[in-house]
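Now for the letters of each chain:
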Amino acid sequence: MTKPALRAVPSAPSGPFTLPPLPYPESALEPVISARTLSFHQGKHHKAYIDKLNAAVAGTPYAEMDLLAVVKKTCGREAKKSIFNNAAQTWNHTFYWHSLSPAKTEMDKKLSAAVTGDFGSLEALQQLLTKVATEHFGSGWAWLVVKDGKLQVVDTHDADTPAAHGATCLLTVDVWEHAYYLDRQNDRNAYAEAVVKKLLNWSFASDNFARAQASA
Ligand SMILES: [Fe+2]
């Protein structure tokens, strides 16, 4: 008899920011990411960032702001570091869930042309993103972003996010150990390679790219 997957704990209505539901069932990303990993990652880690953010902003003007505005307004301010870390991790994780798809997705023509122009091919982009995700030192994130009109693969440390630094995020890969350790222990490369090859949501990336072009 198989053990039932652990269920994510719904966010308590204790503040302005709430845990959004996953855009797919917890088992939908198997075998690349197990339901157990997804349950802990979203139901425990993501929820904890939101709970800490709600506690930190209680009674402050940040409680009335949009999440991304909180991230941008607290970025680089030592006195607001705790709010920034928890707000950015809240934003990053919601973005990560949408960067993954259990179904095969494809880029639209505009993003496809940009990928070919800036990286040479989708395969070259996938190799670079996997390398950056694998080689990032410590906890952080690997990203496909558009900045200054050009697609770029970048990494950020800890909670930091390109969204706070003038870039439009298209896709991300979480490379904190909690994203893969239950499934793959220390083999981050196997996790990154499988996520990049099998799970990235190119339709989501295309929508984000279109929004970046519309606002340029
Ligand atoms: Fe994470």
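Residues numbered from 1 in each chain as written. Predicted model: local features only at pLDDT ≥ 70, side-chain atom pairs only at ≥ 80, totals over all residues.

Colleague: Please explain the overall build of the protein as it appears in this structure.
Modeller: On a plain count of helices and strands, the protein comes out with eight helices and three strands. In sequence order, the secondary structure elements of the protein are arranged as α-α-α-α-α-β-β-β-α-α-α. The globule rule puts the C-alpha radius of gyration for 216 residues at 17 Å, and the 17 Å found for the protein is close to it. In terms of its C-alpha atoms, the protein occupies a principal-axis envelope of roughly 55 × 50 × 30 Å. The contacts of the protein with a sequence gap of at least 6 include a subset with a gap of at least 24, amounting to 68%. (Helix = DSSP H or I, 4+ residues; strand = E, 2+ residues; numbered from the N terminus. Rg over C-alpha atoms; globule rule 2.2 N^0.38 Å. Contact = placed C-beta atoms within 7 Å.)

Colleague: I would appreciate a short explanation of the pairing of strand S1 (residues 140-147) in the present structure.
Modeller: Here S1 lies mainly inside the structure; seven of its eight residues are buried. Bridge count for S1 against strand S2 (residues 150-157) is eight bridges, and the pairing is antiparallel. Its bridge partner being in S2, Gly140 is matched across the sheet by His157. Counting the residues in the hairpin turn of S1 and S2 gives two residues, including Asp148, whose phi is positive at 55°. (Buried ≥ 20, exposed ≤ 12 C-beta atoms within 10 Å, placed from the backbone. Pairing = 2+ DSSP bridges.)

Colleague: Can you help me understand the domain arrangement of the protein in this one?
Modeller: Accessible area lost during the coming together of the parts is what is often quoted as the interface size. Partitioning the protein into domains gives domain 1 (35-99) and domain 2 (109-215). Taken together, the 19 residues of domain 1 in the interface contact 17 residues of domain 2. Every element with two or more residues in the side of domain 1 that touches domain 2 is listed here: helix H1 (35-57), helix H2 (67-74) and helix H3 (81-99). For the side of domain 1 that touches domain 2, the element with the highest residue contribution is H3, accounting for 10 residues. (Domains from an automatic or database assignment.)

Colleague: Explain helix H5 (residues 122-135) here, please?
Modeller: It helps to recall that an α-helix has 3.6 residues per turn; residues three or four apart then point in one direction. End to end, H5 covers 20 Å across 14 residues, agreeing with the expected 20 Å (1.5 Å per residue, within 8%). All of the buried residues along H5 are Leu125, Leu129, Thr130, Val132 and Ala133. Buried residues of H5, seen end-on, are gathered within an arc of 165° and therefore sit on one face of the element. Lining the buried residues of H5 we find helix H4 (109-119), S1, S2, strand S3 (168-174) and helix H7 (188-199). (Expected span 1.5 Å × (residues − 1). Arc of directions from axis to C-beta.)

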